[in-house]
Amino acid sequence: MYGLDLMWDAVLINGHVGDGWKVDTGLNVELSPSHRAATGTEEAMLQESSTEEKMKRGSEEVRLQDSTEQKLYKIANELLLTERAYVARLHLLDQVFCARLTQEAGKGLFPVDVVRTIFSNISSIHTFHSQFLLPDLETHMGQWSVSPRLGDVMQQHAPFLRMYAEYVMSFDHAMELLRVWTERSAPFKNVIQDIQSREVCGSLTLQHHMLEPVQRLPRYEMLLRDYLKRLPDDDSDHSHAEKSLQVISMAATHSNSAIRQSENLKKLLEIYEMLGEEDVMNPSNEFIREGRILMLAARNSAMERHLFLFNNILLCCTPRFSLGGQRFTVRTRIDVEGMTVQRTTNEHHPHTFQVSGKEMTLERTLDLQASSEQDKEDWLKAFQDTIDVFRQKNETFKSTSKEVEMEELGRRAPRWIRDNEVTMCMKCSEPFNALTRWRHHCRACGCVVCWRCSDNKVTLEYDGNRVNKVCLDCHSALILRANREERGEGMEGGHSRGSTPHLHISIPALSPGCEGLV
């Protein structure tokens, strides 16, 4: 019996059973009837198992196929649903906000050009999406069961998305104009607040709605990448989806900087809603960090505080009760300029550090306690990095200058310095903070100056000889040039009659990517 078992093991190992149920091993051994019956039962079981395995694999393939089709449909349907919501938002911007402001501007309450600049080419964007892209998406999704395709319709319309470049490039300036004219003109502010109070706005500000076009292209890019990831390589729609993704990705690349700025602005809007402080909405503000912390007081008592750190100021706040979500009251403002931060030790309170600086003209010191040692280190790093960046920008501002030719001053549009490139007036060096938030561009040299240094007006040739605000340096230079040209006199300093010298005006270095701004 032992030898027979060896023969059976050989069958299992060699994987071959000969005719007549003889073991094909060179030994002419015939199996007994009982073993033949056992063998038949085993083979039947193996065949049944193999059939079940094949059925399971087939079922799994069908399930995977169904799952892939469902995911593709889900992506396409998400694109359609978000497109409907987006078109509704574009209608609100174009046909409600822009139309109403344009109507009021026609009454002479504020300049029509301001409204046009703020909304840029939003009307063209609205027309494209509402009359072309959305209807085609609706048609394709209606035929999805017969022809499940998304790439071809996106490839057809992708080239038109290049129109977003104009809106994105002017977005920063639009936000600044919106802030300035909301503060400057009561009728302008009233129109916006009236529309924002309507249900259609969903309790969101105009700035929130204006962020939508900036964020739309990356949304297309994300959905198309997801669609391609799940689309079989041999699908006829694959090449269309790839080509449309290339075009959209290229268009979205130009939006990266504006997207980062829009994300920062969105955060500023959230903080503004929590604090109710208009100064927070200055586009030059850059959010760094926020969080709950304890402030140490006399007799080793500790009070709950909430810190908001920006690139130029620290706000120390106390929580206040509100049914509408988190709300805070600002108690202390400390400028980043001149700020210092250091570790401290306290026998009663662990994880402490100290922040010192100026609140207006007064020196303030905050003794703070973090929730953990790691939280303390994170705060210290955030403070020190912010202080270092602030110092570096100011050193660059003070040490770098640029020569502007007198001959071109006022005759050619200047390159504007972005608001967020400077933290102080470029003429008198007064820091821009909560009290001195008014910023203006000299229309002659493009410098960012405070209201005191921009209280001068002259006519500029490049602007059709219309009166514009300019800084004191440019005002003096242009008046001097105009007087001498009127008299036909030569300039001092050895220049011949009718020649023009160079006017040296201090202008900070532009960050990469700002050289072409006009």
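Everything quoted here is computed from the prediction, not taken from an experiment. (Residues numbered from 1 in each chain as written. Predicted model: local features only at pLDDT ≥ 70, side-chain atom pairs only at ≥ 80, totals over all residues. Heavy atoms only, no water.)

Draft legend 1. Looking closely at the overall build of the chain. Counting its regular elements, the chain contains 13 helices and 13 strands. Across the 518 residues of the chain, 41% fall into the buried class. Sequence-distant contacts, at least 24 apart, represent 61% of the contacts inside the chain between residues at least 6 apart. If you sum the accessible surface of the chain, you get close to 28,300 Å²; carbon and sulfur atoms cover 50% of it. (Helix = DSSP H or I, 4+ residues; strand = E, 2+ residues; numbered from the N terminus. Buried < 20%, exposed > 50% of the residue type's maximum accessible area, 1.4 Å probe, protein only. Contact = heavy atoms within 4.5 Å. Areas by Shrake-Rupley, 256 points an atom, 1.4 Å probe, with all protein chains shown as cover.)

Draft legend 2. Highlighting the packing of helix H3 (residues 112-119) against helix H7 (residues 171-184). Contact geometry for H3 and H7: axes closest at 8 Å, N-to-C directions at 140 degrees. Between H3 and H7, the interaxial angle falls into the category oblique. Between H3 and H7 lies a crossing whose hand is left-handed. Across the interface between the two elements, Val114, Thr117 and Ile118 of H3 pack against His173, Ala174, Leu177, Leu178 and Trp181 of H7. Of the residues belonging to the contact of H3 with H7, the class tally is 6 nonpolar, 2 polar and no charged. (Axes fitted to C-alpha atoms, helices over the stretch in contact; angles between N-to-C directions. Parallel < 35°, antiparallel > 145°, perpendicular 65-115°, else oblique. Left-handed = near helix turned anticlockwise from the far one by under 90°. Nonpolar A, V, L, I, M, F, W, Y, C, P; charged D, E, K, R; others polar.)

Draft legend 3. Expanded view of the packing of aromatic side chains. Tallied over the entire structure, the rule returns 8 aromatic pairs. Pairing Tyr167 with Phe171 gives two aromatic rings, centres 6.4 Å apart and planes at 40 degrees, and the pair type is tilted. Grouped by ring-pair contacts, the aromatic residues Phe353, Trp379 and Phe383 constitute a single cluster. Lying over the aromatic face of Phe287, Lys267 brings its terminal NZ or CZ to 5.1 Å of the ring centre. Above the face of the Trp379 ring, Arg289 is positioned so that its terminal group lies 4.4 Å from the ring centre. (Phe/Tyr/Trp six-rings, centres within 6.5 Å; stacked < 30°, edge-to-face > 60°. Lys NZ or Arg CZ within 6 Å of the ring centre and 35° of its normal.)

Draft legend 4. Region of interest: the pattern of salt bridges. Counted by the stated rule, this structure contains 26 salt bridges. The salt bridge partner of Lys107 is Glu104, with a shortest N-O separation of 3.3 Å. Since its relative accessible area comes to 12%, Glu104 is described here as buried. A salt bridge links Glu270 to Lys267, with the shortest nitrogen-to-oxygen separation between them at 3.8 Å. (Salt bridge = Lys/Arg side-chain N within 4 Å of Asp/Glu carboxyl O.)

Draft legend 5. Representation of the confidence of the model for the chain in the model. For the chain, the average pLDDT comes to 79, and 75% of its residues sit at 70 or higher. Scored below 50 in pLDDT, residues 1-31 makes 28 contacts in the model with residues more than four places away or belonging to other chains. The low-confidence segment residues 399-404 (pLDDT under 50) makes 16 contacts with residues lying over four places distant or belonging to another chain. (pLDDT = per-residue confidence, 0-100.)

Draft legend 6. Quick peek at the pairing of strand E4 (residues 327-335). Where strand E3 (residues 313-320) and E4 come together, 8 bridges link them in antiparallel fashion. Paired with Pro319 across the two strands is Phe328, which belongs to E4. Linking E3 to E4, which pair antiparallel, is a turn of 6 residues; within it Gly325 sits at a positive phi near 105 degrees. (Pairing = 2+ DSSP bridges.)

Draft legend 7. How the structure looks around the sheet that holds E3. Pairing within the open sheet is antiparallel, and its 7 strands lie in the order E4-E3-E2-E1-E7-E6-E5. The sheet terminates laterally at E4 and strand E5 (340-343), the two strands that pair on one side only. Taken over all neighbouring pairs, the strand axes of this sheet differ in orientation by 35 degrees on average, direction set aside. Pairing between strand E1 (residues 287-296) and strand E7 (residues 362-369): 2 bridges, direction antiparallel. Paired with Met295 across the strands is Leu368, a residue of E7.

Draft legend 8. Focus on unusual backbone geometry. Although it is not a glycine, Ser120 adopts a positive phi angle of roughly 50 degrees. Residue position: Ser120 is located in the loop between H3 and helix H4 (122-142). One non-glycine residue, Asn465, lies in the positive phi region at around 60 degrees. With respect to the helices and strands, Asn465 occurs in the loop between strand E11 (456-460) and strand E12 (466-470).

Draft legend 9. Fine view of the nonpolar core. Ranked by size, the top nonpolar core spans 78 residues in total, and within it Phe119, Met154, Met210, Tyr220, Leu275, Phe308 and Leu315 carry the most contacts. No other element matches the 15 residues that helix H2 (residues 33-105) contributes to this core. Contacts of Met154, omitting those with residues within four sequence positions, involve Leu79, Leu133, Leu137, Tyr220, Leu224, Ser244 and Ile248. (Core = buried A, V, L, I, M, F, W, Y, C linked by side-chain atoms within 4.5 Å.)

Draft legend 10. Fine view of the side chain of His441. Mapped onto the elements, His441 comes out in strand E9 (residues 440-441). Among the residues examined, His441 registers a relative accessible area of 10% and is labelled buried. Beyond its immediate stretch of four places on either side in the chain, His441 contacts Trp416, Ile417, Asp419, Gly446, Cys447, Val448 and Lys469.

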